[in-house]
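Given next are the chains, with one letter for each unit.
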Amino acid sequence: MKKYILTVLCLSLFLIFSGCAPKKVAVPFKGYALSPADVLKKISRTDSQKDTLKALANISVNTPKGRHSMKVALIVKKPSFLRVEAIPIIGPSSFFLSVSGNSLKVFLPKKGEFYIGQATRKNLTTFFPINLKVEDIVSILVGTPPRVKGQNMTLQGCIEGELYRIDVISKDKKVQSLWVDRCDNLVRIEALGDDGRILYRARLKDHNRISGISIPGKVMIMTGKTDRSSAHIRYLDVQLSQDQDMDANLFDLDIPAGIKPTFID
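> Give me the lowdown on the confidence of the model for the protein, citing residues and values where you can.
Mean pLDDT over the protein stands at 84; residues scoring 70 or higher make up 82%. The element-level mean pLDDT for the protein is lowest in helix α1 (residues 2–20), coming to 38, with strand β5 (residues 103–108) highest at 97.

This is the structure in C-alpha cells:
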C-alpha cells in the first residue's frame, strides 16, 4: 500500500512540474512578402551607387603559388573603382594599385616600377591576387551581389533553413545563387559558369550599419577548382562618404617624376 501511494505521489509531482516547465517555441523564419526581384533590388542597393567605401583592412590570400598577407588602405566604389595601398609596419608604402573603370595603374616604389594597362581580370590578378573581375570584387566588398549579364533571365526564390535563397537563371541555366539573412544582409554568393561549374563562392559575415547601410565586417572569397585560391578580408575601420569632388583623384595614380611607365596588355 505504501509503495502504491509513493508511486502515485511521484507521478503527480512529475505531471505538475512538467506542466509548469517552459516549452520551446519554434521561431519561424519571417520569410518575404516581396518577390525575388524586389528582394534582389533591395540587397543590390542601387540607390547607394554614389557611396564611396574607405577602410583599413587585413587581407590574406592563399594561392597555389603561396600565401600573401598585408594590411591595406582600401577605397571602393561601384561599379568598378578600386584603390589599394599597402600599409607596412615600418617605412613608406611599397604598393599602390588603382582601378578606374577599365584603367589599371600599379606603382611599386621600392622597385621603381609603374605599370599601366586595361583592368582585365588577368592584369588585375598579376598584382592583386583575387582572381575575379574588378566589378565582382567591388560588389562583394561593399556587400552587394555582383551584377549578372544575360538574356531571358528569371529569378527563383525559396526559404532554405534560416536564409532566403535567390537563384538567377539565364537561358535555363543557373548562373548565380544568393542567400539573404533575417536582417536583409547578403551572406552568401555562388557564381556558376555556363557548364554548371562553380566559378567562385563568397561569404559575408559580421555586418555593421555604417551611415545606415549594412556593410560586412568579414569577406571570404573562394574560387573554383582551376586555381583553388581563397581570400580573406577583415575590415578594421570603415567609412562611407559621398564626397564626389575627391573621387576623380582617389582612383588615379600619378606617374612619379623620373619613372618610365611599363604598358601591359
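That covers the picture; the talk isn't over yet.
> Account for the pairing of strand β3 (residues 81–86), naming residues and giving values.
Pairing analysis gives six bridges linking strand β2 (residues 66–77) to β3, with the strands arranged antiparallel. Residue pairing in the sheet places I75 in a bridge with R83 of β3. Across five bridges, β3 lies against strand β4 (residues 96–100) in antiparallel orientation. In the strand pairing of β4, L82 is matched with V99.

> A description of the nonpolar core should follow, citing residues and the corresponding values.
Counting 54 residues, the largest nonpolar core has L82, L97, I233 and Y235 as its most contacted members. Once you skip the residues sitting within four places of it in the chain, I233 turns out to touch A57, N58, I59, I130, L141, G217, K218, V219 and I221. F96, F114, I116 and L253 belong to the second largest nonpolar core, which has six residues in total.

> Break down the packing of aromatic side chains for me, with residues and values.
Here the distance between the centres and the angle between the planes together describe a pair of aromatic rings. Enumeration according to the criterion identifies four aromatic pairs in this entry. Arranged with centres 6.0 Å apart and planes meeting at 25°, the rings of F96 and F107 form a pair that is stacked. Here F96 is found in strand β4, whereas its partner F107 is found in strand β5, with eleven residues between them in sequence. One exposure class covers both F96 and F107, and it is buried. Relative to F127, the ring of Y115 has its centre 5.1 Å away and its plane inclined at 45°; by these criteria the two rings are tilted. Residue Y115 is found in strand β6 (residues 113–118), and its partner F127 is found in helix α3 (residues 121–127); the two are separated by twelve residues along the sequence. Across the pair, F127 and Y115 agree in class, each one buried.

> Any chance you could break down the side chain of N185 for me, citing the residues and the numbers?
If you trace the backbone, N185 turns up in the loop between β9 (173–180) and β10 (186–192). What makes N185 buried here is its relative accessible area of 11%. Within polar-contact distance, the side chain of N185 engages the side chain of S214 at 2.5 Å. Excluding residues that lie within four positions of it along the chain, N185 makes contacts with W179, V180, H207 and S214.

> Explain the pairing of strand β7 (residues 153–160) residue by residue, including any values.
Strand direction decides the pairing type here: β7 and strand β8 (residues 163–170), joined by eight bridges, are antiparallel. Along β8, the bridge assignment pairs M153 with S170.

> Account for a positive patch on the surface, naming residues and giving values.
A contiguous patch of positive charge, built from R121, K133, R147 and K149, is present on the exposed surface. Residue position: R147 is located in the loop between α4 (134–141) and β7. With relative accessibility at 70%, the residue R147 sits in the exposed group.

> Could you give an account of the side chain of K105, naming the residues involved and the relevant values?
The residue K105 is located in strand β5 in this model. Among the polar contacts made by the side chain of K105, one reaches the side chain of D252 at a distance of 2.8 Å. A polar contact of 3.4 Å, which involves the side chain of K105, links it to the backbone oxygen of L253. Those residues in contact with K105 that lie beyond four places of it in its chain are F96, L97, S98, F114, Y115, I116, D252 and L253.

Cut-offs and rules
- Residues numbered from 1 in each chain as written.
- Predicted model: local features only at pLDDT ≥ 70, side-chain atom pairs only at ≥ 80, totals over all residues.
- Heavy atoms only, no water.
- pLDDT = per-residue confidence, 0-100.
- Helix = DSSP H or I, 4+ residues; strand = E, 2+ residues; numbered from the N terminus.
- Pairing = 2+ DSSP bridges.
- Core = buried A, V, L, I, M, F, W, Y, C linked by side-chain atoms within 4.5 Å.
- Buried < 20%, exposed > 50% of the residue type's maximum accessible area, 1.4 Å probe, protein only.
- Contact = heavy atoms within 4.5 Å.
- Phe/Tyr/Trp six-rings, centres within 6.5 Å; stacked < 30°, edge-to-face > 60°.
- Polar contact = N/O pair within 3.5 Å; in protein donor to acceptor, adjacent residues only side chain to side chain.
- Patch = residues over 30% accessible without salt bridge, like charges linked within 9 Å, V, L, I, M, F, W, Y side chains within 5 Å.
- Areas by Shrake-Rupley, 256 points an atom, 1.4 Å probe, with all protein chains shown as cover.
- Salt bridge = Lys/Arg side-chain N within 4 Å of Asp/Glu carboxyl O.
- Lys, Arg positive; Asp, Glu negative; His and termini not counted.
- Charge placed at Lys NZ, Arg CZ, Asp CG, Glu CD.

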